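Spelled out, the chains give:
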Amino acid sequence: MQMASQKIQIGQVWKKSTTGETFLVTKLYHEALSTIAVLRPTGAATESYSRVRVERDGDRQTLPGYSMAQESTDL
């Protein structure tokens, strides 16, 4: 079960739904009326990055086509 409020943060790892490949959130920035997350494949520091528009649903933030790779971490 997912938490009611989820905020995307730098350092989180997300998994691409279609390929299962994992990506690290390296930067978040605001552009006009939206937030953009910059993702880099984990384990491949030299590969190009992807920019994904953050979707909002109330207090939740999500990346379309991705799911949190570290759903239940107790830090």
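Residues numbered from 1 in each chain as written. Predicted model: local features only at pLDDT ≥ 70, side-chain atom pairs only at ≥ 80, totals over all residues. Heavy atoms only, no water.

**Things to note about the packing of aromatic side chains**
Evaluation of the coordinates by the stated rule reveals one aromatic pair. On the basis of an interplanar angle of 85° and a centroid distance of 5.7 Å, the ring pair of Phe23 and Tyr66 is categorised as edge-to-face. With Phe23 in strand β2 (residues 22–31) and Tyr66 in strand β7 (residues 66–68), this residue pair connects regions lying 43 residues apart in the sequence. An identical accessibility class is assigned to Phe23 and Tyr66; each is buried. (Phe/Tyr/Trp six-rings, centres within 6.5 Å; stacked < 30°, edge-to-face > 60°. Helix = DSSP H or I, 4+ residues; strand = E, 2+ residues; numbered from the N terminus. Buried < 20%, exposed > 50% of the residue type's maximum accessible area, 1.4 Å probe, protein only.)

**Some words on the pairing of strand β1 (residues 13–16)**
Along any regular strand the residues' side chains alternate between the sheet's two faces. Here β1 runs beside β2; their pairing, made up of three bridges, is antiparallel. Bridge pairing in β2 links Val13 to Leu24. Where β1 hands over to β2, the hairpin turn is made up of five residues, of which Gly20 adopts a positive phi near 80°. Of the strand pairs in this sheet, β1 and β7 are connected by three bridges, and their pairing is antiparallel. What sits directly across from Trp14, in β7, is Met68. (Pairing = 2+ DSSP bridges.)

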